[in-house]
Amino acid sequence: LEIGEWHIEDDVWVRLAKYEIDGGLINFDFEIWNKTDKTLYFSLQPELNFSMTDNNNNQYEILEAHTRKITVEVNERGIMMSGFKSTTVQFDNDPLYTPGVTDLFITMEYLSEIDRAIFHVVPGQ
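Residues numbered from 1 in each chain as written. Predicted model: local features only at pLDDT ≥ 70, side-chain atom pairs only at ≥ 80, totals over all residues. Heavy atoms only, no water.

Caption draft 1: Fine view of the sheet that holds strand β10 (residues 114-121). With antiparallel pairing, three strands are arranged side by side in an open sheet as β5-β9-β10. Each having just a single partner strand, β5 (50-54) and β10 make up the two edges of the open sheet. When the angles between neighbouring strand axes are averaged without regard to direction, this sheet yields 15°. (Pairing = 2+ DSSP bridges. Helix = DSSP H or I, 4+ residues; strand = E, 2+ residues; numbered from the N terminus. Axes fitted to C-alpha atoms, helices over the stretch in contact; angles between N-to-C directions.)

See below:
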């Protein structure tokens, strides 16, 4: 999925809302939209729920690993944040600048009602 495209599982929608390369970090903000008829309660654990590779199959390290309990009310829509940061997940940007890296693939797994979603980013676009 590209930035802004919704991944839908049942009545829970999630998308990569934005990303930012900031110094040695790559920050990703994911938005969740609860279209169910019940309140969702879950723990966001970046080191368990997210991973990232690039088109050269390099693995990226998660820098921020604080767990956060999240409540999403019925029909509520908003950015998921973890720990004390104002972003969902942060990765070290090494090896982003190695020759031949053109695409990033962020995998979200086992997060609330989302079993697995893969998001695609072209750095610099």
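Past the structure itself, the notes keep going.
Caption draft 2: Region of the structure containing the pairing of strand β3 (residues 25-34). The element β3 is extensively covered by neighbouring structure, given that nine of its ten residues are classed as buried. In the sheet, strand β2 (residues 12-22) pairs with β3 via ten bridges, with the strands oriented antiparallel. Within β3, the residue paired with L16 across the bridge is F30. In textbook terms, the turn of a hairpin is the stretch between consecutive antiparallel strands, and for β2 and β3 this stretch comprises two residues, one of which, G23, has a positive phi near 60°. When β3 meets strand β8 (residues 89-92), the two strands line up antiparallel, connected through four bridges. Across the sheet, residue L25 finds its bridge partner in β8, namely D92. Inspection of the sheet shows β3 paired to strand β7 (residues 77-80) by four bridges, in the antiparallel sense. The residue of β7 that forms the bridge with W33 is R77. (Buried < 20%, exposed > 50% of the residue type's maximum accessible area, 1.4 Å probe, protein only.)

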